[in-house]
Every structure is written in structure tokens, then in C-alpha cells.
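Architecture at a glance
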Amino acid sequence: DSGVTQTPKHLITATGQRVTLRCSPRSGDLSVYWYQQSLDQGLQFLIQYYNGEERAKGNILERFSAQQFPDLHSELNLSSLELGDSALYFCASSVLAWGLGANVLTFGAGSRLTVL
Amino acid sequence: GESVGLHLPTLSVQEGDNSIINCAYSNSASDYFIWYKQESGKGPQFIIDIRSNMDKRQGQRVTVLLNKTVKHLSLQIAATQPGDSAVYFCAENRVLRGSGGSNYKLTFGKGTLLTVNP
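Notes on the structure follow.

About the thresholds
- Residues numbered from 1 in each chain as written.
- Chains lettered and ligands numbered in written order.
- Predicted model: local features only at pLDDT ≥ 70, side-chain atom pairs only at ≥ 80, totals over all residues.
- Heavy atoms only, no water.
- Helix = DSSP H or I, 4+ residues; strand = E, 2+ residues; numbered from the N terminus.
- Buried < 20%, exposed > 50% of the residue type's maximum accessible area, 1.4 Å probe, protein only.
- Contact = heavy atoms within 4.5 Å.
- Phe/Tyr/Trp six-rings, centres within 6.5 Å; stacked < 30°, edge-to-face > 60°.
- Pairing = 2+ DSSP bridges.
- Salt bridge = Lys/Arg side-chain N within 4 Å of Asp/Glu carboxyl O.
- Disulfide = S-S within 2.5 Å.

**Details of the environment of P8(A)**
Residues and elements named next belong to chain A. Looking at the secondary structure, you find P8 in the loop between β1 (5-7) and β2 (10-13). On the basis of relative accessible area, P8 is assigned to the partly exposed category, the value being 27%. Considered as a pair, P8 and L21 are 13 residues apart in the sequence and their alpha carbons are 6.7 Å apart. Those residues within four positions of P8 in sequence are excluded, and the remaining contacts are T20, L21, G110 and S111.

See the structure below:
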């Protein structure tokens, strides 16, 4: 157990729907990152939050949004889902944010999203 | 597009042999590199890291080598065991464009599948 908790572990939904993925960071970590992993694209950085504020954005689609709450848990919202959104979505956390010193990310076990 | 890549998508070794997994990167400004291991059904797990001011770093049964001249990174696993079977990713700490150097992101390669045969 890495200490990073992601729910749900598996999710099957239909095109056009909206889902919310949840992440609880490791105790003491202030920064949360979301990554998408698909077979053809590998691990793609989506977005990062640090202590409740957006810190960096990667290849996140406009249909996707995220936030980090005061208790530091984070949610990734995926809307108007398409078949191509089927992937593993990983949350990771770290004590610091990037740019404040290189630091190691601790990953959760992921949420597998299947869009039918 | 992303520029952290791997030379081989798959690597098969015999138990007890040494494994070498390679990785190329293109951003000479990257200052920090990490190797992650991802077992089936799990998230990536940190193995070892190295800063750009180092050429070599050793851990338990693992060694990372960094050649900045040719922008190449390698992970060496000594006496490979069946439990080492996984996908291995190299990741590069890269400054985000337009951030003025204040924002970085960890960019992952596509991964190498290591299979250890008993």
C-alpha cells in the first residue's frame, strides 16, 4: 500500500457520460498529480495541485477538470466521455510541488475507466 | 510531443542474469531523472533517482547511469529475480514552457516490459 488511495478502482460507463475519480494523497503530502495511462500514449501528465491551488497543467482536455479540496483530497472530473478516454487514471502525491525541489511522486493503484 | 523514449519495448532475461534497461531523453536542461517500476495492476513505484550533476548512483541491486553527453539513461538490475518482472519507466524532470522556470513536470517514457524467465 503506497498510502495514496484512489476510488473507484474500476468504472464502466457509456459515451457522453460524466464520471468523478477521487484521490486521497499520502499523509503529509501537499501536492497531488493526475496522470492518464493508455497503451499507446504511456503515462501522460494531466494536472497538478499544491495545497489547494492549481500548480501546473499538462495535456488535460477541456472536458476534464480537477480540484483539490481543503482536506487535500482531489477529484478528477471527466465529462462528455468518449471511447478514447478509456484508460488508467493515476493519482500521485508528493510533499512538495515541482519547482520547489525535485521530489519523488508516490502513485496510487489507479482507476481503470472503460467507456463503452 | 514527449521526448523521453526507450530503446527497447521488451526485454527478456534469465533469472540471475543482469538486466540493462535504456532510456533516451532530448531536453538537455532536465536536471533530475527517476526510474519507476510498474507491476501488473499497480501504480508506478519509485526505484531510484539521479540528479544531473551525477553520473552514477547505486541502490540495492540497482544502478542508474546518466550520460549527459548523449542524453542517455540506463537502469541496471543485478541478479534479476522473477519479482523484477514489470514495466520500467524512466522519467525526466522538465521545466514547463512559459513558466519562467518555476514549474516543472515529470515526463515519463513509454516503458520497457522486463520479463524474467526462471
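**Focus: the packing of aromatic side chains**
By the definition in use, this model includes eleven aromatic pairs over all chains. Between Y36(B) and F108(B), the ring centres sit 5.4 Å apart and the planes meet at 50°, which makes this aromatic pair tilted. Of this pair, Y36(B) sits in strand β4 (residues 32-38) while F108(B) is found in strand β10 (residues 104-108), placing the two residues 72 residues apart along the sequence. Across the pair, F108(B) and Y36(B) agree in class, each one buried. In this structure an aromatic cluster arises from ring pairing among Y35(A), F45(A), F90(A), F107(A), Y36(B), F46(B), F89(B) and F108(B).

**Notes on the pairing of strand β3 (residues 19-24) of chain B**
Residues and elements named next belong to chain B. Of the two faces of β3, only the one carrying S19, I21 and C23 is buried; I20, N22 and A24 on the other face are not. Where β3 lies against strand β8 (residues 72-77), six bridges are found, and the strand directions are antiparallel. Across the sheet, the residue bridging to I20 is Q76, located in β8.

**Examining the environment of L43(A)**
Counting through the fold element by element, L43(A) comes out in strand β5 (residues 42-50). Of the residues examined, L43(A) reaches a relative accessible area of 3% and is grouped as buried. Taking the C-alpha atoms as reference points, L43(A) and Y89(A), 46 residues apart in sequence, are found 9.0 Å from one another. Once you skip the residues sitting within four places of it in the chain, L43(A) turns out to touch Y35(A), Q36(A), Q37(A), F90(A), P44(B), F89(B) and F108(B).

**Some remarks on the pattern of salt bridges**
Following the criterion strictly, the structure yields eight salt bridges over all chains and no others. Among the ionic pairs, D85(A) bridges to R63(A), the shortest N-O distance being 2.8 Å. Taken together, the residues span a long stretch of sequence, with D85(A) in the loop between β8 (74-78) and β9 (87-94) and R63(A) in the loop between β6 (53-57) and β7 (64-68) at a distance of 22 residues. Since its relative accessible area comes to 3%, D85(A) is described here as buried. Measuring nitrogen to oxygen at the nearest pair gives 2.2 Å for the salt bridge that ties R57(B) to D49(B). According to the relative accessible area criterion, R57(B) is partly exposed, its value standing at 36%. Beyond isolated ion pairs, a larger network of salt bridges with shared partners links R63(A), E82(A) and D85(A).

**With respect to the state of the cysteines**
Residues and elements named next belong to chain B. Under the criterion given, the structure shown has two disulfides over all chains. Put simply, C23 and C90 are joined by a disulfide, and their sulfur atoms are 1.7 Å apart. Looking along the S-S bond of the C23-C90 disulfide, the torsion reads about 50°, which is the right-handed sense. With C23 in strand β3 and C90 in strand β9 (residues 86-95), this residue pair connects regions lying 67 residues apart in the sequence. Here the two residues C23 and C90 agree in accessibility, since each one is buried.

Note that every value here comes from positions in space, so none of it alone points to a role or purpose.
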